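Remarks on the overall topology
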Amino acid sequence: IEGSLTLKVDSNVVDVPLKEIVFVESFGNYVKLVTHEKTYLTLFTTKGIEALLPEPHFIRIHKSYIINKHCITKVASDAVVVNDHTLPIGKTYKQYFHKLVNRDSYF
């Protein structure tokens, strides 16, 4: 995945390479960006950050989670394991997610 996201974290501006992002979790008006090395908390809506993350590399799996599909290690019917994090798959996103996973079946 090419490119990076430029985020304001605390009072610093940080460039986060897209390929480093494991998943994004929403916290109200903030999102937590979890990478292989660090976790960043930035003032952003989930919808706003979703618009900046390139499909099909990033998949919305829940109202609170967007994952990097390259980090998926295991898929269950209502949860997905991304690196060592087990995240729920929301009802609204389940059919779309499983369709993508089955189409790309690279596990």
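Please refer to the structure placed before this passage.
The sections below set out a description of the structure shown in this document. Fair warning: this is a prediction, and the values are worked out from it, not measured in the lab. (Residues numbered from 1 in each chain as written. Predicted model: local features only at pLDDT ≥ 70, side-chain atom pairs only at ≥ 80, totals over all residues. Heavy atoms only, no water.)

Turning our attention to the sheet that holds strand β5 (residues 39–43). Strands sit in the order β5-β4-β3-β7-β6 across an open sheet of 5 strands; the sheet is antiparallel. The open sheet has two free edges, formed respectively by β5 and β6 (58–62), since each of these has just one partner strand. The mean angle between the axes of side-by-side strands here comes to 20°, regardless of whether they run parallel or antiparallel. Note that strand β4 (residues 30–35) and β5 share 5 bridges and pair antiparallel. Its bridge partner being in β5, V31 is matched across the sheet by T42. (Pairing = 2+ DSSP bridges. Helix = DSSP H or I, 4+ residues; strand = E, 2+ residues; numbered from the N terminus. Axes fitted to C-alpha atoms, helices over the stretch in contact; angles between N-to-C directions.)

What holds strands together in a sheet is hydrogen bonding between their backbones, with the strands either parallel or antiparallel. Ordered in space as β8-β9-β10, the 3 strands form an open sheet in which the pairing is antiparallel. Looking along the sheet, the strands with just one partner apiece sit at the ends: β8 (72–75) and β10 (85–88). Strand after strand, the sheet turns through a mean of 25° between neighbouring axes, direction not considered. In this sheet, strand β9 (residues 79–82) lies alongside β8 in antiparallel orientation, the contact comprising 3 bridges. Residue pairing for β9: K74 is matched across the bridge by V81.

Among the structural elements, K8 can be located in strand β1 (residues 4–9). Assessed through its relative accessible area of 55%, K8 is described here as exposed. Through-space distance from the C-alpha of K8 to that of L41 is 8.7 Å; in sequence the pair is 33 residues apart. (Buried < 20%, exposed > 50% of the residue type's maximum accessible area, 1.4 Å probe, protein only.)

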